[in-house]
Amino acid sequence: MFNTLQKEINQFIDRGLDRSLRIAVTGLSQSGKTAFITSFINQLLHINRVDNAHLPLFDAARHHRILGVKRIAQQDLSVPRFEYERNLAELMQKPPHFPQSTRGVSETRLAIRYQRQSGLMSYLKETGTLYIDIFDYPGEWLLDLPLLGLNYQQWSLELAQLFNQKKQHLAQNWLDKVKKLDLTAVANEDVLAELAQDYTDYLQACKAQGLHFIQPGRFVLPAELEGAPALQFFPLLQLTNEQWKQLKNNVGSNSYFAVLEKRYEYYRNKIVKKFYQDYFANFDRQVILADCLTPLNHSRQAFDDMQEGLTQLFKNFHYGKRHLLSRLFSPRIDKLMFIATKADHITSDQLPNLMSLMRHLVQKGGSYVEFEGIETEYSAIASIRATKQVSVTQNGQKFKAIQGIRSSDLQQVTVFPGSVPMKVPNEEFWQTNKFEFDQFEPQPLEQGENIPHLRMDTVLQFLLGDKLD
Ligand SMILES: Nc1nc2c(ncn2[C@@H]2O[C@H](COP(=O)(O)OP(=O)(O)OP(=O)(O)O)[C@@H](O)[C@H]2O)c(=O)[nH]1
Ligand SMILES: [Mg+2]
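The structure displayed is predicted, hence computed values, not measured ones. In this numbering scheme, every chain counts its residues from 1 along its sequence in written order. Chain labels run from A onward and ligand labels from 1 onward, assigned in the order the entries are written. Local features in this predicted model are restricted to residues of pLDDT 70 or higher, and side-chain atom pairs are both shown and tallied only at a pLDDT of 80 or more, whereas totals for entire chains, interfaces and linings draw on every residue. Note: side-chain values were computed over all heavy atoms of the structure, leaving out hydrogens and water.

## A look at the coordination of the magnesium ion (ligand 2)
Note the following rule: Only nitrogen, oxygen and sulfur atoms qualify as donors, and only when within 2.8 Å of the metal (3.2 Å in the case of Na, K and Ca); with water excluded, sites may look incomplete. Starting at the N terminus, helices and strands are each numbered in turn, a helix being any DSSP run of H or I of at least four residues and a strand any DSSP run of E of at least two. The buried label applies to any residue whose accessible area, calculated with a 1.4 Å probe on protein chains only, is under 20% of its type's maximum; exposed applies above 50%, and partly exposed to all values in between.
Each protein donor to the magnesium ion (ligand 2) is listed here as Thr34 (OG1) and Thr102 (OG1); together their distances run 2.0 Å. You can see Thr34 sitting in helix H2 (residues 33-45) and its partner Thr102 sitting in the loop between helix H4 (84-92) and strand S3 (106-115), a full 68 residues away along the chain. By the burial criterion, Thr34 is buried, and Thr102 matches it.

Okay, here's the thing in structure tokens:
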């Protein structure tokens, strides 16, 4: 009884005011966030009252209930505007290009005017407006959110546990120098700067090997913090518990150890916390994007690393039922969608496998959090579809294939990219098999056309459908 009443009050509040939705697009670097946001805006802006054939599964568009969509002034004037026009211009170039990798935060606000069709308000007010706030940022910065819950020692210990052979090999230069450092000696700023640079070089080397889980992520993309002492620290991987205790109790405040700890705490409390509070503490719905195909090309370790990155992230978001009180005072996510991106890299018959792979990836990481009470869905999409699905006949047999301009040699090719595994294959599999999911260049885009996509309409339906009825 109370639940029903509460639901009605909720609905009434929602309907009484024009609604707004803050959508968090989360995903590690290169997972496809910027492409997703660009396409999201583009598909909405192309909705009209006559023909919405580009979004067959988005009910409000199909039934012509959307009267207009506009980009409007955002609320926070201090944040750069999402460069939608520039991204679109890149896609319209001849030859077209994907939007560039993101180097800072930006945001955008959309207003969707729609015809109401149900509820009390449909008698009082025929049209409503849904405002959508969405922001973009470099994926690397997201990797720092787990630091919020860890002090310097805990963080160092966590990284030490994840530090395996391959990583050790990439970090040798930095490790050798840290080993020689007397942590009790008076800190020299220049030495710290040099060691932090060596540590950053190691993070960059991990990235180049397809290893995603690097911390602090901002070290590789510091933006305005380039060269700031706040970014000149590193974890102490080699210390035992006993040594930590000893150092904490015995070193002076200007020692290497104390300065490193102070810088870590500053970074955590001032930089990471601010990023979290400004952008993640208050949103309504979330999409989690993952490129499951590229790590398959690299190694089992690259895949595990991505999984670790996602797992760490889940711990930092509040998932759970949104009650009336918590809704008014501390909103929580009520819908969550896991999206495997770049689904145009495979043939359509492989989509179920890609979704299954995404599910496996999430279920391991997701076991740490309570997804109960929130609506969760899985999807596989291409925000900016670069290939066409074709049928090839060979020796009288028909095969599905994809066609597009391959990025590695800029040749137009028709290929069968191979099967996607239903779950993460074991280490041995990689020793004898090779995945080769090629990258493709975007298709030409003419003025006035919407960006070609795959299943973006399912995402719009999930995220916005219930708010537009
Ligand atoms: N074929 C295809 N490639 C895509 C798609 N979306 C993204 N990509 C590829 O993935 C790359 C990264 O996409 P972005 O949208 O820049 O990824 P991001 O998550 O914003 O990355 P950062 O800004 O570095 O955090 C692009 O340059 C494309 O090569 C897609 O829908 N189809
Ligand atoms: Mg980006």
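## Remarks on the site of ligand 1
Rule in force here: Whether a residue is near a molecule or strand depends on its heavy atoms: if one lies within 4 Å, it is near. Pairs of N or O atoms are called polar contacts if they sit within 3.5 Å, as long as, within protein, a hydrogen donor faces a hydrogen acceptor (for residues adjacent in sequence, only side-chain-to-side-chain pairs). Only the protein chains shown count as cover for residues, and the accessible areas themselves come from Shrake-Rupley with a 1.4 Å probe.
Near ligand 1 there are 21 residues, and of these Lys33, Thr34, Ala35, Ser101 and Gly139 occur at the shortest range. Between an oxygen atom of ligand 1 and a main-chain N or O atom of Gln30, the distance comes to 2.9 Å. Here an oxygen atom of ligand 1 and a backbone polar atom of Ile384 are 3.0 Å apart. For ligand 1, the accessible surface in isolation is 650 Å², of which the surrounding protein chains cover 94%. Per element, the largest residue contribution to the shell around ligand 1 is 3 residues, and it comes from H2.

## A word on the side chain of Asn52
Put simply, the rule reads: Two residues qualify as a contact provided that any one of their heavy atoms is within 4.5 Å of a heavy atom in the partner residue.
Mapped onto the elements, Asn52 comes out in the loop between H2 and helix H3 (59-62). When near neighbours in sequence (up to four residues on either side) are disregarded, Asn52 contacts His46, Ile47, Ala61 and His64.

## Description of the packing of helix H9 (residues 172-179) against helix H10 (residues 189-208)
This is how the line gets drawn: Think of each axis as a best-fit line through the C-alpha atoms, taken over the contacting stretch in the case of a helix, with angles from 0 to 180 degrees between the N-to-C directions. Roughly parallel means an angle under 35 degrees; roughly antiparallel, over 145; roughly perpendicular, 65 to 115; everything else is oblique. The handedness criterion is simple: a crossing whose near helix is rotated anticlockwise from the far helix by less than a right angle is left-handed, and one whose near helix is rotated clockwise is right-handed. The residue classification treats Ala, Val, Leu, Ile, Met, Phe, Trp, Tyr, Cys and Pro as nonpolar and Asp, Glu, Lys and Arg as charged. All others, Gly included, are polar.
Between H9 and H10, the least distance of the axes is 8 Å, while the angle of their chain directions is 150°. As the angle between them shows, H9 and H10 are arranged roughly antiparallel. Every pair of crossing elements has a handedness; the one defined by H9 and H10 is left-handed. Note on element contacts: H10 touches H9 through Glu194, Leu195, Asp198 and Tyr199, opposite Asn173, Trp174, Lys177 and Val178. Its residues assigned to classes, the contact of H9 with H10 shows 4 nonpolar, 1 polar and 3 charged.

## Topic: the pairing of strand S8 (residues 388-394)
We apply this condition: Any two strands with at least two DSSP-identified bridges between them are counted as paired.
Two strands pair when backbone bridges link them, and S8 and strand S9 (residues 397-405) are joined in this way by 7 bridges, in the antiparallel orientation. Residue Val392 lies in a different strand from S9, and its bridge partner there is Phe399. Adjacent in sequence and paired antiparallel, S8 and S9 are bridged by 2 residues, among which Asn395 carries a positive phi angle near 50°.

## Focus: the packing of H10 against helix H12 (residues 256-279)
Between two packed helices, what matters for the description is the angle formed by their axes and the separation of those axes. With their axes 12 Å apart at the nearest point, H10 and H12 run at an angle of 55° to one another. Classified by the interaxial angle, the pair formed by H10 and H12 is oblique. Classified by chirality, the crossing of H12 by H10 is right-handed. Within the contact between the two elements, H10 uses Glu189, Val191 and Leu192 and H12 uses Tyr256, Val259, Leu260 and Arg263.

## Notes on the environment of Leu181
Position of Leu181 relative to the elements: it lies in the loop between H9 and H10. The buried category is assigned to Leu181, whose relative accessible area is 15%. For the pair formed by Leu181 and Phe257, sequence separation is 76 residues and the distance between their alpha carbons is 9.9 Å. Each residue touching Leu181, except ones within four places of it in the same chain, is listed here: Val191, Leu195, Phe234 and Tyr256.

## Observations regarding the sheet that holds S8
Spatially, the 3 strands line up as an open sheet ordered S8-S9-S10, and their pairing is antiparallel. Two strands bound the open sheet, and with one partner strand each, they are S8 and strand S10 (412-415). Taking each pair of neighbouring strands and ignoring which way they run, the sheet shows an average axis angle of 35°. For S9 and S10, the ladder comprises 4 bridges, and the chain directions are antiparallel. What sits directly across from Gly404, in S10, is Val413.

## A word on the packing of aromatic side chains
Where we set the bar: Any two of the Phe, Tyr and Trp rings considered here, Trp counted by its six-membered ring, make a pair once their centres fall within 6.5 Å; the pair's planes then place it as stacked at under 30 degrees, edge-to-face at over 60, or tilted in between. Cation placement over rings: the criterion is NZ of Lys or CZ of Arg within 6 Å of the ring centroid and within 35° of the ring normal.
Applying the stated criterion across every chain, the model contains 32 aromatic pairs. Arranged with centres 5.8 Å apart and planes meeting at 20°, the rings of Phe435 and Phe437 form a pair that is stacked. Among the residues examined, Phe437 registers a relative accessible area of 5% and is labelled buried. The lysine or arginine in question, Lys33, covers the ring of Tyr137, its NZ or CZ lying 5.7 Å from the ring centre. Between the NZ or CZ atom of Lys335 and the centre of the ring of Phe462, over which it lies, the distance is 4.5 Å.

## Notes on the pairing of strand S1 (residues 19-27)
With 7 of 9 residues buried, S1 is to be regarded as a mostly interior element. By the bridge criterion, 5 bridges tie S1 to strand S5 (residues 285-290) in an arrangement that is parallel. Residue pairing for S5: Gly27 is matched across the bridge by Leu289.

## Focus: helix H7 (residues 152-162)
Just so we agree on the cut-off: The arc in question is traced by the directions running from the helix axis to the C-beta atoms.
Listed as buried for H7 are Tyr152, Gln153, Trp155, Ser156 and Leu159. Angularly, the buried residues of H7 cover 165° about the axis, an arc narrow enough to put them on a single face. Packing partners of the buried residues in H7 comprise H10, helix H11 (241-250) and H12. Capping of H7 at its N-terminal end is provided by Asn151; its side-chain oxygen lies 3.1 Å from the backbone amide nitrogen of Gln153.

## Brief notes about the pattern of salt bridges
Inclusion rule: Salt bridges are identified by distance alone: a Lys or Arg side-chain nitrogen within 4 Å of an Asp or Glu carboxyl oxygen.
Within the structure shown, the criterion is met by 21 salt bridges. Between Glu265 and Arg268 there is a salt bridge, with the nearest N and O atoms lying 3.1 Å from each other. Placement of both Glu265 and Arg268 in helix H12 is noted, with a separation of 3 residues, approximately one turn of the helix. On the basis of relative accessibility, which here comes to 14%, the residue Arg268 falls in the buried class. The shortest N-O distance in the salt bridge between Arg406 and Asp438 comes to 4.0 Å. Of this pair, Arg406 sits in the loop between S9 and S10 while Asp438 is found in the loop between helix H17 (427-432) and helix H18 (456-464), placing the two residues 32 residues apart along the sequence. Assessed through its relative accessible area of 19%, Arg406 is described here as buried. Judged by its relative accessible area of 22%, Asp438 falls in the partly exposed class. Connected through salt bridges with shared partners, the residues Arg285, Asp334, Lys335, Glu375 and Asp466 form a single ionic network.

By themselves, these observations are geometric and do not establish any function.
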